[in-house]
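# Chain and residue survey
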Amino acid sequence: MTIKKKPNYNFIIGSILTGLIVALALVSLVYTPYDPDAMDAANKFAGISLKHPMGCDNFGRDIFSRVMEGTKNTLFVALGTVAIGTVFGILLGAFTGYFGGILDEILMRINDAIFAFPSILLALVIVSLLGSGKYNVMIALGIAFIPSFARIVRAEFLKNRELDYVKSARLMGAGSLRIMFVHILPNTFSVLASSVMIGFNNAVLAEAGMSFLGIGVQPPDASLGRMLSEAQTYLFSTPSYAFFPGLVIILMVLGFSLLSEGISQKSV
Amino acid sequence: MRYIGKKFVTMLITILLVSFFVFVAFAVIPGDPALSKLGTEATYEKLEALREEMGLNEPLLKRYGTWIVGFFTGDMGTSYSYDMPVKDMILDKLPITITLTVMSFLMIVAVSIPLGIYTAKHQGKAADKTIFVLNQIVMAIPPFFSGILITLLFGLVFKLFTPGGFVSYTKSIPDFLAYMVFPCIAVALPKIAMTVKLLRTSLVDESKKDYVRTAYSKGNDKNGVFFGHMLKNAMIPVITFLGMILADIAAGSIIIEQVFNIPGLGRILLTSISNRDYPVVQAIIVWLGIFVIVINFCVDLLYKVVDPRMR
């Protein structure tokens, strides 16, 4: 019997979009068509042309170069955020899920309280404590993301710790740490991969939102969110200034969310 | 009743915990509020006197006690930068943020539930597939960008509203509401997409269960099974989600207020953060936190109504 497999469109389209965006960010490390911060009074609000494929902004800076730079910054913050969220989430979820007991109760209550709090609000509190800036936003969002990862990892550990392979590993004399991180953790990867992608999705949205409010990436560094808020003033005369950064955010978010769905479809 | 009582006590404890954490967080950060209030005029004597007056020399727990009692009796402290009671600053902005939240929430419920039912009923047909693709795209558009697109389209091209022409509710309630429609659409759009998707999945999952087949075999017609049996069960995850959404749009209103130039709570919160005006930040955060916690409590109660099996 042959099983006809339907192509996993979510995964394919998601990978292509994410791949393109990551490529754009990587290229910006070594090459941008213009210096993203170079002002050129002669080209103020220059329209879309071969020389400036997305036009120029109010200082005559090349929008395409700034979009590349902004994509890099947004991805960088998202990467840091997700890294903080996953590493601490895994540690917290692994220990509470594997050992259980009173520590689990206490930590999970706190976790629930934080989880109920909208992450942007939590991030705002932390930013108002630490001050604004790229790295502080990363820490703030990272902390806000820990509970959701911890919860997922904990559920997986709870499920796995009763399974036979864990029991036999224990019989063979493996220590708790070895069982947790060498045996159980790899088995949670498929679930984790999908939630990491959702994490990226949320991190990109949150970073763009924070930068839009002016508390994320600081000028003169380009950031997609900040470009949007600057573009608002010139919305009627130069709509392209707002359009392109917004479009890149959408493609980025779409890519990550499709990828996440694709991955969970694959593992079923 | 015992269930409600237990949930109520948990709610109160969570509120106290959250307010305590926020208070401690703002109390331990470096920087002396008395010093920043005095600025360049600070002398040692003046500083000490002000610290004493502001109660900064008391132990932390006692300060928290005074603050939380004041908080619930209507005294939320004084803003550092405006030198006016925090309560007055918040109170007249509150209706704006509440309107924004409630109006967009009503839009979400009113559009997404019928649409979710429609797509589930027409599963696999062209309309379902079109809505699915649209959903994926709309979900990816952040509200601040859809806000900008709406401003451009409806404000500048079709001239249905004046961008930045916010009218306060104290001046004219109809004009105020009319201005709020478009920000609410921007907030509601991505959430509508998410809710439609969730409701559709939930309904489709439900339709495969045994009790549905039994209900059909007893001679119920399609609509009877759908509305009498499936919908109620399928709504359980949707209710949780709607509760989360309500909390989310209250917090997300901070951004959308900025897009549409609405002087609500978000505006004060942002200026206070950049001015390091902690009493204001603290009060707004704790209020939003209480709002979120109360919503969660209501969701728990709703569960009990929809699904009596819940413990």
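Sequence order sets the numbering: in each chain, residues are counted from 1 along the sequence as written. A letter from A marks each chain and a number from 1 marks each ligand, given out in the order of writing. Per-residue local features are limited, in this predicted model, to residues with pLDDT of at least 70; the limit for side-chain atom pairs, both in listing and counting, is 80 or more; totals at the level of whole chains, interfaces and linings are taken over all residues. Calculated side-chain values reflect all of the structure's heavy atoms, with hydrogen atoms and water omitted.

### Quick notes on the overall build of chain B
A tally of regular secondary structure across chain B gives 13 helices and 0 strands. Only DSSP runs of H or I covering at least 4 residues are called helices, and only runs of E covering at least 2 are called strands; the numbering of each starts at the N terminus. Reading chain B from its N terminus to its C terminus gives the helix and strand order α-α-α-α-α-α-α-α-α-α-α-α-α. C-alpha extents for chain B along the principal axes are approximately 85 × 55 × 30 Å. Relative accessible area decides the class of each residue, using a 1.4 Å probe on protein chains only: under 20% of the type maximum gives buried, over 50% gives exposed, and in between gives partly exposed. Here chain B, with 311 residues, has 45% of them falling under the buried criterion. A fraction of 72% describes how many contacts in chain B between residues 6 or more apart in sequence connect residues 24 or more apart. Summing over all exposed atoms, chain B offers an accessible surface of approximately 15800 Å²; the carbon and sulfur share of this is 67%. Within chain B, one finds 29 positive and 22 negative side-chain charges whose respective centroids are separated by 15 Å. Note on contacts: a residue pair qualifies if any of its non-hydrogen atoms lie within 4.5 Å across the two residues. With residues, only the protein chains shown are counted as cover, and all accessible areas are computed by Shrake-Rupley using a 1.4 Å probe. We score Asp and Glu as negative and Lys and Arg as positive, and we do not count His or the chain ends. Just so you know, the charge point we use is NZ for Lys, CZ for Arg, CG for Asp and CD for Glu.

### Thoughts on a nonpolar patch on the surface
Residues A:Val22, A:Leu26, A:Val27, A:Leu29, A:Val30 and A:Tyr31 make up a contiguous nonpolar surface patch of about 600 Å² in total accessible area. Structurally, A:Leu29 is set in helix H1 (residues 9–30). Like charges within 9 Å and nonpolar side chains (Val, Leu, Ile, Met, Phe, Trp, Tyr) within 5 Å are joined into patches, using only residues over 30% in relative accessible area that form no salt bridge. We count a salt bridge whenever a side-chain nitrogen from Lys or Arg sits within 4 Å of a carboxyl oxygen from Asp or Glu.

### Observations concerning the interface of chain B and chain A
Contact residues are listed per partner, giving 35 residues for chain B and 33 residues for chain A. Where chain B abuts chain A, roughly 3100 Å² becomes buried across the two surfaces, and 83% of that area is made up of carbon and sulfur atoms. Counting the contacts that link chain B with chain A gives 1 salt bridge. The definition of a polar contact used here is a pair of N or O atoms within 3.5 Å, where within protein one atom must be able to donate a hydrogen and the other to accept one, and adjacent residues in sequence count solely through side-chain atom pairs. Taken together, chain B and chain A are joined by 3 residue pairs in polar contact (both at pLDDT 80 or more). Using a 1.4 Å probe, buried area is obtained as the accessible area two parts lose upon being combined, added over both of them.

### Thoughts on the confidence of the model for chain B
When pLDDT is averaged along chain B, the result is 83; 95% of the residues meet or exceed 70. Think of pLDDT as the predictor's per-residue confidence, scored from 0 to 100. In the model of chain B, helix H2 (residues 33–38) of chain B stands out as the element of lowest mean pLDDT, 67, in contrast to helix H6 (residues 94–121) of chain B, which has the highest, 91.

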